Amino acid sequence: MKFSCSIQIEKPINQLIDLWKDENNNKHWQDGFVSKRLIEGRKGEVGAKSEILLAEGKMKMELLETVEVNDLPASFRVFIEHKHMDNFMTTSF
């Protein structure tokens, strides 16, 4: 499955990137976001791995996120693993 979502934000790109990189803001645009914990590498760098916890009601989901591409401010791509699925997510500015 492939899908795309876009949002137009009228702010300077540097301000937008700073807001996006601040994990305290993840709850505003990632449904069910609970936490993100770096488990390997350096935050945001290619190869870095993080554990992400999402929750919706009584359902909880643990994801493993690996940074594949960090070409900010142009784009950022991660590989996300879960016991029931794997996918890529690319964020472009």
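Draft legend 1. Broad picture of the sheet that holds strand β4 (residues 75-82). If you walk across this open sheet you meet the 5 strands as β1-β2-β3-β4-β5, and the pairing is antiparallel. With one partner strand each, in any of the chains shown, β1 (33-40) and β5 (85-92) form the two edges of the open sheet. Ignoring which end each strand starts from, the neighbouring axes of this sheet average 25 degrees apart. Pairing between β1 and strand β2 (residues 49-56): 6 bridges, direction antiparallel. Among the inter-strand pairings, L38 is bridged to a residue of β2, identified as S50.

Draft legend 2. Here's a closer look at the packing of aromatic side chains. Under the defined criterion, the tally for this structure stands at 3 aromatic pairs. Note on W20 and F93: the rings are 5.4 Å apart at their centroids and 75 degrees apart in plane angle, and the pair reads as edge-to-face. Here the residue W20 occupies a position in helix α1 (residues 13-21), and F93 occupies one in the segment after β5, the gap between them amounting to 73 residues. By relative accessible area, which is 33% here, F93 ends up partly exposed. Ring centres 4.9 Å apart and planes at 45 degrees place the aromatic pair F79 and F88 in the tilted group. Under the relative-accessibility criterion, F88 is labelled partly exposed at 44%.

Draft legend 3. The nonpolar core, seen in detail. Listed in full, the 9 residues of the largest apolar core are F33, A48, I52, L54, L63, V67, F76, V78 and I80. Taken together, the elements giving at least two residues each to this core come down to β2, β3 (59-71) and β4. Excluding residues within four positions of it along the chain, F76 makes contact with W20, G44, V67, V69, N70, M89, T90 and T91.

Basis of the calculations
- Residues numbered from 1 in each chain as written.
- Predicted model: local features only at pLDDT ≥ 70, side-chain atom pairs only at ≥ 80, totals over all residues.
- Heavy atoms only, no water.
- Pairing = 2+ DSSP bridges.
- Helix = DSSP H or I, 4+ residues; strand = E, 2+ residues; numbered from the N terminus.
- Axes fitted to C-alpha atoms, helices over the stretch in contact; angles between N-to-C directions.
- Phe/Tyr/Trp six-rings, centres within 6.5 Å; stacked < 30°, edge-to-face > 60°.
- Buried < 20%, exposed > 50% of the residue type's maximum accessible area, 1.4 Å probe, protein only.
- Core = buried A, V, L, I, M, F, W, Y, C linked by side-chain atoms within 4.5 Å.
- Contact = heavy atoms within 4.5 Å.

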